[in-house]
Amino acid sequence: MGEIEGTYRILQTPGSRLGAQKSSGVSTLEPGQNLLTAMASSPAKAHERDLPIKIKMLDNTVEVLDVESKCYGQTLLTEVYKHLNLIESDYFGIEFQNIQSYWIWLEPMKPVIKQVRRPKTTMLRLAVKFFPPDPGQLQEEYTRYLFALQIKRDLAEERLTCSDNTAALLVSHLLQSEIGDFDESEDREHLKTNQYLPNQEKLEGKILEFHRKHVGQTPAESDFQVLEIARKLEMYGIRFHLASDREGTKINLAVSHMGVLVFQGNTKINTFNWSKVRKLSFKRKRFLIKLHPEGPYQDTLEFLLGSRDECKNFWKICVEYHTFFRLFDQPKPKAKAVFFTRGSSFRYSGRTQKQLVDYIKDSGMKRTPYERRHSKVRASTRTSNTDVPKQSVPFTEGLRTPGSPASTAAPFHSGHSLASPASILPTFAEPSPFSLDPRASYTRNPDKATAAPVEEAGRKLMQQPGSPVLQGLPVDHPQLSSLVLKSPLGLSPAFQVNLNAATQGSSPVLSPVLSDAGGARIEEDDETKRKRYPTDKAYFIAKEILATERTYLKDLEVITVWFRSAVIKENAMPEGLMTLLFSNIDPIYEFHRAFLKEIEQRLSLWEGRSNAHVKGDYQRIGDVMLRNMRSLKEFTGYLQKHDEVLTELEKATKRLKKLEMVYKEFELQKVCYLPLNTFLLKPIQRLMHYKLILGRLCKHYTAEHRDFADCRNALKEVTEMTSQLQHSLIRLENFQKLTELQHDLIGIDNLTAPGREFIREGCLYKLTKKGLQQRMFFLFSDMLLYTSKGVTGTNQFKIHGHLSLHGMLVEESENEWSVPHCFTIYSAQKTIVVAASTRLEMGKWMEDLNVAIEMAKKSTEKSEMLLENSVCNRSNRSSDEVSVEQESEDDIHSSRSSLDRQSHHRANTTMHVCWYRNTSVSMTDHSVAVENQLSGYLLRKFKNSNGWQKLWVVFTNFCLFFYKTHQDDYPLASLPLLGYTVSCPVEADGIQKDYVFKLQFKSHVYFFRAESKYTFERWMEVIKRATSSPARSSLLFPKEKDTHTD
């Protein structure tokens, strides 16, 4: 009773998708057997009657294949792939509906008649089974075409949920692929007879508007764009399995290349990465995930599905996904038991993705070009002439996106084909068979010469999206006109989509692992380019000003462009607050746009790219800085109003539910890569950066240098401004942190009460009846809170206890409890015992607690009043009863998913990073981090990879954010650095390059390569300062001046 029915141990593989450590896995094949020999050895009588099987292809055409009645699933799969001339077949599978009407994958190692109840009458269908994270990993153009058809099917079946704009954009690319260039009357006619979306009529105008912009785009390019857009959606490749957690909360389980996913509705709330999973198993209806222990306890997660069959079905899919994406080789045979077997022996029996990619590369089959025609050809004057082949564009770097392999598909050819009577018939569910027949849409053409690369065409296809288009708003709107007309960024029409929080896709922001295959490799060309540029240290300091100014301007656009668009679209902000907010920040934004342009021109002259014969006059930056620092003094009045802006915005979000909703949804968008109110502090923080950089320039120059006087005067100007704003900045940073915590903590009101100061947040283990349990602690100037994080759709922490600092006593108690790094907190309400992860962490907490207790004694009455008004009266229980750990194990354990991937974009806040890394951060650490921000291009390499990938990297808020270029509006991924160590590579690392630094946390290792000695030293410096926090961490005492400046 209750025995495990199926078990799958997750073999240790590296953090990257394909990994570098060889793992073999397990298979049910006999030793020496492969799939084909296994099929051949099974007994089959020659006189057995053929079994007709109906299979619906991806274009909805139905094929009938005759197979032997006792044939295995692999035989049927092989016949389908052979019929389609499909090479990358392992991405696909055949599915059918069982008696309960949910979809099941056909198993290759079982006879068809033992799986399908009535094979003669059941309609099977071809479908994509494994969705890679990047369409660039698909080597064949034909495979990408089939994937595009799968996206089309998912849209029609409402599996791929997305915003109306995104859906319209996807359909417009599908239209371009199927019927060619825009023609309004024919487009409308086609949309009448073809249903792409359930609410298609409502979106017809948007679809036509988008289609108009795709003129000249080939079908293959359209297919690629469909996949590019779809892969960024949260529901890309997701198939839901209804389940519930231990508390009975209805959830959806799914599996992807990265691991097992948990959804509430259509919102992803947790990801259990393969690297963190130790074993998958099921007991009847219960699905169990065992995670690798990370702390004093082990994690076992349990989910309840509808039936045993559903549970086993989901378990099988997880086994297959793990093997396909994580293992190098096909699993080895598993020895059969002599007497009896226990549990399910199911294992994946096909090729892994690594084997498939290697097969395509080694066989050279991908180099066979295709002649690509439109899937459905319209009968019009434009296509009734003879075929006119379109320009051939190879699928090379121009089309490649982050994560694409360095060598992808072969060149493709496209052209319009003649109209066919079949192609203009009305089609709803059954489109023309031309769209899938490999002899029609795709024709293998080995005799044709491979087309030469057309890089320019590729570049145009992959233009970076600019500022968002403010959909449906007049250009003369008072809050928009100046910015829309003066925007420094070119808007890319193909990407004018207003994304909302529900359709942002799986956030990359907590993904320290970008695909190793992505991006261009920079070797000799970069070295040559580097030698052409100036080598003076002043040049690299000026370049730092340029790089950080670019990032700063993008940060301002989060407020001035993106947030403005969101609140205007929903009409969520009162006019008075709109005026207060944007009238203060718009002039600053406009000033810095002009300032950035001036710095770019000066650097261009300095490098000799614009005016080489007079470049000597321009090898300085002090005059530009002095002129602009004097101009910037005029904006001090605006900066002094930021206090009022932050306060009024916080009040309005509490008062207006609509604004609160827009605010929260905007914070989940990719472009808002930090808490929203953080961006409002950037203008004052930027002045501090100018002061530090100018100080560095003055220190570098001799007094006789022609640039020294200007730099010194500019430093005086900016120092005068910072001295006026320093006190305001400290107060604003504290207020910003309190409001951020107010949004992320459940069970407390009015956290931003006047007089309260944030001191430290971090992870400690609290001694309870169940042993040591992980808790998140928050220390303020008047109280100590402790919380836990559960499986919730909001990523919030729930408060379990609160202690007043009045009368509190803290003592070290390692000997008393025999627990390392343990100390006891005695308070008026209760006594708790906690343990830190290291002795250093324990020291920081004890020191900060003692300092805060001393300060609280001086303001006893005020402290008691704040505490009484802040903490919600959640029940009539005493504080002691509240903290007796009533939460379920799911609250404690299930949130311990990998930090590598998180569902919510705001899970990269320091609170969440501290939770996963078992560390803490103080307010002083935050202030030091503000001083240590940096941007620029770096080359990145993984521990087990060969090439270097060039990325634009931004370091802020204890985190590295990775972009393809400095023009991108949001990061591709991020790497929180709390807990990481930075050092130079050792000989064992095998790095033979200059200016390389190494980041390491446990087994995670990354190498970054800078362009110069100065840049290398700056990256090492800022990362060390921001990640190695001082033991002293309270802002209750003034900071020592110049502690962190040159």
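Note: the structure precedes this text.
Let me sum up the structure you'll find in this document.

Rules used throughout
Every chain is numbered on its own, with residues counted from 1 as its sequence reads. Confidence filtering applies because this is a predicted model: local features only for residues at pLDDT of at least 70, side-chain atom pairs given and counted only at 80 or more, and all residues used for totals across whole chains, interfaces and linings. Each side-chain value is derived from all of the structure's non-hydrogen atoms; neither hydrogens nor water enter the calculation. We count a stretch as a helix when DSSP gives it H or I for four or more residues in a row; a strand needs E for two or more, and each element gets its number in order from the N terminus. Only heavy atoms matter for contacts: two residues are in contact if any of them lie within 4.5 Å across the pair. Given the number of residues in a helix, its expected span is that number minus one, multiplied by 1.5 Å. Throughout, exposure labels follow a simple rule: accessible area from a 1.4 Å probe, protein chains only, divided by the maximum for the residue type, with under 20% read as buried, over 50% as exposed, and the rest as partly exposed. Paired strands, in this sense, are two strands between which DSSP finds at least two bridges. All axes are obtained by fitting lines to C-alpha atoms, using only the stretch in contact for helices, and the reported angles, taken between N-to-C directions, cover 0 to 180 degrees. Note that the term roughly parallel is reserved for angles under 35 degrees, roughly antiparallel for angles over 145, roughly perpendicular for angles of 65 to 115, and oblique for everything else. When the near helix sits turned anticlockwise from the far one by under a right angle, the crossing is termed left-handed; a clockwise turn instead gives a right-handed crossing. Ten residues, namely Ala, Val, Leu, Ile, Met, Phe, Trp, Tyr, Cys and Pro, are considered nonpolar, four, namely Asp, Glu, Lys and Arg, are considered charged, and the remaining ones, Gly among them, are considered polar. Residues with no salt bridge and a relative accessible area higher than 30% make up the patches, which join like charges within 9 Å and nonpolar side chains (Val, Leu, Ile, Met, Phe, Trp, Tyr) within 5 Å. Accessibility throughout is a Shrake-Rupley quantity obtained with a 1.4 Å probe, and a residue counts as covered only by protein chains that appear here. One side-chain nitrogen of Lys or Arg within 4 Å of one carboxyl oxygen of Asp or Glu is enough to make a salt bridge. Throughout, nonpolar core names a set of buried Ala, Val, Leu, Ile, Met, Phe, Trp, Tyr and Cys residues whose side chains join them through atoms within 4.5 Å. Consider a residue and the seven residues that end there alongside the seven that start there; fitting an axis to each set, the bend is the angle between those axes. Geometry of aromatic contacts follows a simple scheme: Phe, Tyr and Trp rings, the Trp one being its six-membered ring, pair when their centres are within 6.5 Å, and the pair is stacked under 30 degrees between planes, edge-to-face over 60, tilted otherwise. Criterion for a disulfide: a pair of cysteine sulfur atoms within 2.5 Å.

1. A look at the overall build of the protein
In step 1: Helix and strand counts for the protein stand at 28 helices and 34 strands.
In step 2: Counting only contacts in the protein whose residues sit at least 6 apart along the sequence, the fraction spanning at least 24 positions is 71%.

2. Some details on helix 22 (residues 839-857)
In step 1: Its 19 residues place the ends of helix 22 27 Å apart at the C-alpha level, agreeing with the 27 Å of an ideal helix rising 1.5 Å per residue.
In step 2: Within helix 22 the residues assigned to the buried category are Glu-841, Met-842, Lys-844, Trp-845, Met-846, Asp-848, Leu-849, Val-851, Ala-852, Ile-853 and Ala-856.

3. Quick notes on the side chain of Asp-555
In step 1: Tracing the chain through its elements places Asp-555 in helix 13 (residues 537-570).
In step 2: Once you skip the residues sitting within four places of it in the chain, Asp-555 turns out to touch Tyr-673, Phe-679 and Lys-682.

4. Here we look at the sheet that holds strand 29 (residues 949-956)
In step 1: Read across the open sheet, the seven strands follow the order 31-30-29-28-34-33-32; overall the sheet is antiparallel. The sheet is open, and its two edges are formed by strand 31 (973-976) and strand 32 (981-983), each paired on a single side. Strand-to-strand twist across the sheet, computed as the mean angle between neighbouring axes with direction ignored, equals 35°.
In step 2: With four bridges connecting them, strand 30 (residues 959-963) and strand 31 associate as antiparallel partners. Pairing of Cys-959 across the sheet is with Pro-976, part of strand 31.
In step 3: Against the sheet, helix 13 contacts strand 28 (934-942) and strand 29, and its axis sits at roughly 95° relative to strand 28.

5. With respect to the packing of helix 17 (residues 642-655) against helix 20 (residues 708-744)
Relative placement of two packed helices is described by the angle separating their axes and the distance separating the axes.
In step 1: The contact between helix 17 and helix 20 brings their axes to 10 Å, and the two run at 15°. Here helix 20 runs roughly parallel to helix 17, going by the angle between their axes. By crossing handedness, the relation of helix 17 to helix 20 is classed as left-handed. Each of His-642, Asp-643, Leu-646, Thr-647, Glu-650 and Lys-654 in helix 17 lies in contact with helix 20, whose residues at this interface are Arg-731, Leu-732, Phe-735, Thr-739, Gln-742 and His-743.
In step 2: Among the residues forming the contact of helix 17 with helix 20, the class breakdown is three nonpolar, five polar and four charged.

6. Focus: a nonpolar patch on the surface
In step 1: A contiguous nonpolar surface patch, about 230 Å² in accessible area, is contributed by Val-62, Val-64 and Met-123.
In step 2: Its location among the elements puts Val-62 in strand 4 (residues 62-68).
In step 3: Overall, Val-62 belongs to the partly exposed group, its relative accessible area being 36%.

7. Section: the nonpolar core
In step 1: Residues Leu-76, Phe-92, Leu-280, Phe-287 and Ile-289 are the most contacted members of the largest nonpolar core, which totals 101 residues.
In step 2: Top element by residues in this core is helix 8 (residues 308-326). It accounts for nine residues.
In step 3: Membership of the second largest hydrophobic core comes to 84 residues, among which are Tyr-539, Val-561, Phe-582 and Leu-659.

8. Regarding the pairing of strand 28
In step 1: Strand 28 sits mainly inside the fold: eight of its nine residues count as buried.
In step 2: Here strand 28 folds back onto strand 29 in antiparallel fashion, the turn holding six residues.
In step 3: Two strands pair when backbone bridges link them, and strand 28 and strand 34 (residues 1004-1009) are joined in this way by four bridges, in the antiparallel orientation. Counted as the bridge partner of Arg-940 is Phe-1008 from strand 34.

9. Let's talk about the environment of Ser-859
In step 1: Mapped onto the elements of the fold, Ser-859 is located in the loop between helix 22 and helix 23 (860-870).
In step 2: Under the relative-accessibility criterion, Ser-859 is labelled partly exposed at 32%.
In step 3: A C-alpha to C-alpha distance of 9.1 Å links Ser-859 and His-806, two positions 53 residues apart in sequence.

10. Considering the packing of helix 14 (residues 575-606) against helix 15 (residues 622-632)
In step 1: At a closest axis distance of 11 Å, the pairing of helix 14 and helix 15 adopts a crossing angle of 175°. When the interaxial angle is binned, helix 14 and helix 15 end up roughly antiparallel. Residues Phe-591, His-592, Phe-595, Glu-598, Ile-599 and Arg-602 of helix 14 form the contact with helix 15, whose own contacting residues are Asp-623, Val-624, Met-625, Arg-627, Asn-628, Met-629, Ser-631 and Leu-632.
In step 2: Residue classes in the contact of helix 14 with helix 15 are distributed as seven nonpolar, three polar and four charged.

11. Thoughts on unusual backbone geometry
In step 1: The phi dihedral of Asn-60 falls on the positive side, at around 75°, and the residue is not glycine.
In step 2: Looking at where Asn-60 falls in the secondary structure, it is placed in the loop between strand 3 (50-56) and strand 4.
In step 3: Even without glycine at this site, Phe-958 takes up a positive phi of about 65°.
In step 4: The topology assignment puts Phe-958 in the loop between strand 29 and strand 30.

12. A closer look at the sheet that holds strand 4
In step 1: The strand order across the open sheet built from five strands is 4-3-7-5-6, with neighbouring strands paired in mixed fashion. The two strands at the open ends of the sheet, each matched to only one other strand, are strand 4 and strand 6 (103-105). Going from strand to strand, the sheet's axes swing by 40° on average, the running direction of each strand aside.
In step 2: Examined bridge by bridge, strand 3 and strand 4 share seven bridges and lie antiparallel to one another. Paired with Ile-53 across the two strands is Leu-65, which belongs to strand 4.

13. Remarks on helix 13
In step 1: In this model helix 13 runs 49 Å from its N-terminal to its C-terminal C-alpha over 34 residues, within 8% of the 50 Å that 1.5 Å per residue would give.
In step 2: Considering bend angle alone, the principal kink of helix 13 is centred on Glu-557 and spans about 40°.
In step 3: Burial within helix 13 is extensive, with 30 of its 34 residues counted as buried.
In step 4: Backbone geometry just downstream of helix 13 places Asn-571 in the positive-phi region, at approximately 50°.

14. Section: the pattern of salt bridges
In step 1: What the rule picks out here adds up to 49 salt bridges.
In step 2: Of the charged contacts in the structure, one is a salt bridge between Asp-358 and Lys-354, with a shortest N-O distance of 2.5 Å. You can see Asp-358 and its partner Lys-354 sitting in helix 9 (residues 353-363), four residues apart, about one turn around the helix.
In step 3: A single salt-bridge network, built from bridges that share partners, covers Glu-544, Arg-696, Arg-1018, Glu-1021 and Arg-1025.

15. Points about the packing of aromatic side chains
The geometry of two aromatic rings is summed up by the distance between their centres and the angle between their planes.
In step 1: Under the counting rule described, the total for this entry stands at 35 aromatic pairs.
In step 2: Between Phe-272 and Phe-303, the ring centres sit 6.5 Å apart and the planes meet at 50°, which makes this aromatic pair tilted. With Phe-272 in strand 11 (residues 267-273) and Phe-303 in strand 14 (residues 299-305), the pair connects residues that are 31 residues apart, well separated along the chain.
In step 3: An aromatic cluster of three or more residues is present, and its members are Tyr-91, Phe-92, Phe-130, Phe-131, Phe-147, Tyr-236, Tyr-321, Phe-324 and Phe-325.

16. A closer look at the environment of Cys-698
In step 1: By the secondary structure assignment, Cys-698 is in helix 19 (residues 676-700).
In step 2: Overall, Cys-698 belongs to the buried group, its relative accessible area being 14%.
In step 3: It is 9.4 Å that separates the C-alpha atoms of Cys-698 and Asp-710, two residues lying 12 residues apart in sequence.
In step 4: With residues up to four places along the chain from it excluded, the contact list for Cys-698 reads Phe-708, Cys-711, Arg-712 and Leu-715.

17. A look at the state of the cysteines
In step 1: Scanning all chains against the criterion turns up zero disulfides.
In step 2: For the unlinked cysteine Cys-914, the closest cysteine sulfur is that of Cys-763, found at 8.3 Å.

18. A short note on the environment of Ile-832
In step 1: Assignment of secondary structure puts Ile-832 in strand 26 (residues 831-835).
In step 2: Sequence-wise, Ile-832 and Thr-768 are 64 residues apart; in three dimensions their C-alpha atoms are separated by 8.7 Å.
In step 3: Residue contacts for Ile-832: discarding those within four places in its chain leaves Lys-766, Phe-777, Tyr-786, Leu-803, Phe-823, Thr-824 and Ile-825.

19. What about the pairing of strand 25 (residues 822-826)?
In step 1: Among the five residues in strand 25, four count as buried, and that is most of the element.
In step 2: Pairing between strand 24 (residues 809-812) and strand 25: four bridges, direction antiparallel. From the neighbouring strand, Glu-812 faces strand 25, where its bridge partner is Phe-823.

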